[in-house]
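Reading the structure
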Amino acid sequence: MKLHRDYTLTEIAQLVSGEAIGEAGISSTGINEIHLVNEGDIAFVDHPKYYKPTLNSVASVIIIDQKTDCPHGKALIVHPEPFNAFNFLTQHFKKEIEQQLSPDPVIHGSAKVMPGAYIGNYVKIGERSIIHPGAVIYDHCVIGDDVTIHANTVIGSDAFYFKRRENKHDKLISVGNVVIENGVEIGSGCTIDRGSTGSTIIGEGSKLDNQVHIGHDTVIGKMCLFAAQVGIAGCVTIKDNVVMWGQVGCAANIEVGEGAVVYAQSGVAKSLNGGQTYFGSPAIDARLKMREIATISNLTRKL
Amino acid sequence: MKLHRDYTLTEIAQLVSGEAIGEAGISSTGINEIHLVNEGDIAFVDHPKYYKPTLNSVASVIIIDQKTDCPHGKALIVHPEPFNAFNFLTQHFKKEIEQQLSPDPVIHGSAKVMPGAYIGNYVKIGERSIIHPGAVIYDHCVIGDDVTIHANTVIGSDAFYFKRRENKHDKLISVGNVVIENGVEIGSGCTIDRGSTGSTIIGEGSKLDNQVHIGHDTVIGKMCLFAAQVGIAGCVTIKDNVVMWGQVGCAANIEVGEGAVVYAQSGVAKSLNGGQTYFGSPAIDARLKMREIATISNLTRKL
Amino acid sequence: MKLHRDYTLTEIAQLVSGEAIGEAGISSTGINEIHLVNEGDIAFVDHPKYYKPTLNSVASVIIIDQKTDCPHGKALIVHPEPFNAFNFLTQHFKKEIEQQLSPDPVIHGSAKVMPGAYIGNYVKIGERSIIHPGAVIYDHCVIGDDVTIHANTVIGSDAFYFKRRENKHDKLISVGNVVIENGVEIGSGCTIDRGSTGSTIIGEGSKLDNQVHIGHDTVIGKMCLFAAQVGIAGCVTIKDNVVMWGQVGCAANIEVGEGAVVYAQSGVAKSLNGGQTYFGSPAIDARLKMREIATISNLTRKL
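Here the structure is a predicted model, which is why all the values come from computation and not from measurement.

1. Quick word on the environment of B:E39
All names here are of chain B. As for its position among the elements, E39 is in the loop between β3 (27-31) and β4 (41-45). Taking the C-alpha atoms as reference points, E39 and G156, separated by 117 residues in sequence, lie 26 Å from one another. Not counting residues within four places of it along the chain, the set of residues in contact with E39 comprises T29, V58 and S60.

This is how it looks when you write it as structure tokens:
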């Protein structure tokens, strides 16, 4: 999330009542979850396992739960609960941004929003797009031109992102959105979660069949085809021209290369190279999988 | 289902025009499907295979399709179609209960029901809960405090419970409900069926991602996490702190122990012990499954 | 799709500005995608791989992208883009048909359409049927008698049928519908696509659990039972009395024989004979699959 203005380190430390360390003159221009962090961003870390990658990331200001050496050219804000502090800041900045905007959705005159569809605040809908009955577009989502969204599809529900505590789960409050690029068609009963702090993106000309699920912060390339009941977890990158057949699942934080084809019901557990065909759960090269299936079959018939 | 008052054996036999046998002075305080039966309940059985367990259950009054010896301290009602008689009784009792209640939903002033959400009769919604657009809450469901239900999720649709006849399926008419306990979050596009005669329960602090399906009379414990597109059949018991990754399926009438973790796309066909990690369809110990996958891979590459 | 009147070859050639070859006196009575073609129909072909089956089909008039020998008793219309010409014709005929009809849905007085349900134009709903809140019925769909459609289910969204071009996907515009026969019950959150030019059909007395997906032009027989999250692709034929357990997937263009039973999470990749039980992805005879599972297990434990 881009901030609406630059914030000084002192301002941020005061907002969360934390202790600032390091480059005092640094200013923040954005805030993002670590997977999406850009230069100038505020990020957070609350587990020693992730100290090193977070401190070495391009983040400029890091909210951290323990005093530690601050890398050169960055600043730390020490806070007992970085997760909560981060939630507080994203909510704060979001409100400030919203105060400068009109909440009315901007729907092009040539677009068609059918009865029973729900369009949230700050939503944009482009030319000639059609939103079918019962579709729900949450606040801040952006729908391009020539997009079709079929009935009862949900665009922009919250990221499934929780931190386990003793007796409850704390939620990372989503402040991102979904961007549907031009020429996309999305079937009925799909669910596409918004980014935690950034955008979940469906690339130009991609087509999703019914009951497809796309997790938060996932970026789908251009001209992809996803058959029905495909489920893609959060923080996944799918390159252009990828084909996923029905009921394929894809684990979080991985990348699928350009032009990859994944056969039905496969489970993509690791990143896949482009230009190849995959099958199985976990998904491997499709021809190898076919040979494995033949191996088992032959062995069984011999017994 | 608890009855609104005690019923004598004679009253019940008359309601369904059946023949009463056994303990004439017995009174009924509830009516339940055999999986959920309590002392004082009316139950039914219409297949010789299930005579013994039903007659030996804690049910007080059993509607049965054949004259048989009545166990001590119980009563039987002989009826040519126990399934139909049971449907008749649950409908009758439900109407009597509803006549004593106001149908208006009771929604706490701090709860937020968004436009396009549908709230059925006799529904209760607790403090600070949010029902997003397009969500549908069927009659009699109970939503606790601090619950979030995302867009187009359905709470309380009918149990998928049919009896096959010659040329049709007779439906066990659902009279139960869904109870969503405090602090639960349910994603978009989920479907949670109500109990046939009891309650489907989502335990305190549990979080469900998008497009999760929960069958009738299933009880989910506290602090569980279910990723997207998980499907749990009816009459399942999931204990506390269970984690199910994406697209996991779980067969009917089984139990998953506390703290079990089930990897993505697994199919849980039998009850699982708690505290362990599972993978595969059918799901087995995850490390063993990984070894099986290696076995096949090694054998195939050798050939 | 039946045309509202017979069309001469010249009329059709003029509508799409194509060149007519062959039986000049032939008249067209319908238009259909090649999978569904009947005598008297207009069809199209735009890939040499499919020339032969299309030319040998019962189609009377074939729109083709290359001049070729016209089979006896048929006619060809040569057009540089048969796909686009076909779309133009179906849209043209559909408009002509609609001009002769009243768009108002015909809903029987004993049917119940609940608040928040959306009923499209030209829809028919039979006696005693119930459409729950949030269900969406697209234009031209036909719902029989004693049908129950649960909340947020979508009947009649577009076929997932695209032709890949250099930088975009062209869509085969759906002009078919969905026909739900008498006594069908469909759970919540289901999606049933309409036929491309014909009807997707759910046969009498069949019952679908929640989150079931049925593709375009698929025909489901009578008295079938599909558990939750089953996904059936397009152009599939499922005969009577078939049982599919939860999360089963079924590939396009295949047939499943009468009375077949498919266990949970199976993937049906080829046509299946009736009267047998199947398991696995890809699905094979269930007992054989169980033996395969035992083979792997035994081999792994030995190592």
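2. A short note on the domain arrangement of chain A
All names here are of chain A. By the assigned domains, chain A splits into domain 1 (2-99) and domain 2 (106-289). Contacts between the two partners involve 16 residues from domain 1 and, on the opposite side, 16 residues from domain 2. Summed over both partners, the interface of domain 1 with domain 2 comes to about 1400 Å²; 56% of that surface belongs to carbon and sulfur atoms. With a closest N to O distance of 3.0 Å, E81 and R165 form a salt bridge.

3. Let's talk about the relation of the copies chain C and chain A
Here chain C sits on chain A after a turn of 120° about the axis and a move of 0.0 Å along it, with an RMSD of 0.0 Å. The two molecules are tied by a three-fold rotation axis, judged by turn and shift.

4. Side note on the nonpolar core
Counting 42 residues, the largest nonpolar core has B:I155, B:I180, B:F226, B:I238 and B:M244 as the members making the most contacts within it. The residues contacting B:I155, other than those within four sequence positions of it, are B:V136, B:I137, B:Y138, B:C141, B:I143, B:I149, B:V178, B:I180, B:I186 and B:I192.

5. So, the pattern of salt bridges
Per the stated rule, a full pass over the model turns up 45 salt bridges over all chains. Where A:E127 meets A:R128, a salt bridge forms, and the shortest distance between an N and an O atom there is 3.0 Å. A salt bridge links C:R128 to C:D146, with the shortest nitrogen-to-oxygen separation between them at 2.7 Å. Placement of C:R128 in the loop between β10 (124-125) and β11 (130-131) and of C:D146 in the loop between β13 (142-143) and β14 (148-149) is noted, with a sequence separation of 18 residues between them. A relative accessible area of 44% means that C:R128 is categorised as partly exposed. Among the residues examined, C:D146 registers a relative accessible area of 38% and is labelled partly exposed. Beyond isolated ion pairs, a larger network of salt bridges with shared partners links A:E81, A:R165, A:K168 and A:D170.

6. With respect to empty space enclosed by the protein
Counting across every chain of the model gives five cavities of 30 Å³ or more. Its volume calculated, the largest cavity comes out at about 110 Å³. In terms of lining residues, the largest cavity is bounded by A:N152, A:G189, A:C190, A:T191, A:Q211, B:N152, B:G189, B:Q211, C:N152, C:G189 and C:Q211. Here the lining of the largest cavity is built from residues that sort into one nonpolar, 10 polar and no charged.

Conventions we followed
Residues numbered from 1 in each chain as written. Chains lettered and ligands numbered in written order. Predicted model: local features only at pLDDT ≥ 70, side-chain atom pairs only at ≥ 80, totals over all residues. Heavy atoms only, no water. Helix = DSSP H or I, 4+ residues; strand = E, 2+ residues; numbered from the N terminus. Contact = heavy atoms within 4.5 Å. Domains from an automatic or database assignment. Buried area = accessible area lost by both parts, 1.4 Å probe. Salt bridge = Lys/Arg side-chain N within 4 Å of Asp/Glu carboxyl O. Least-squares fit on C-alpha atoms with pLDDT ≥ 70 in both. Core = buried A, V, L, I, M, F, W, Y, C linked by side-chain atoms within 4.5 Å. Buried < 20%, exposed > 50% of the residue type's maximum accessible area, 1.4 Å probe, protein only. 1 Å grid on protein atoms, 1.4 Å probe; cavity = no way out; pocket = protein on both sides within 12 Å on 5 of 7 lines; lining within 4 Å. Points joined across faces, edges and corners; volume = space filled by probe spheres on them. Nonpolar A, V, L, I, M, F, W, Y, C, P; charged D, E, K, R; others polar.

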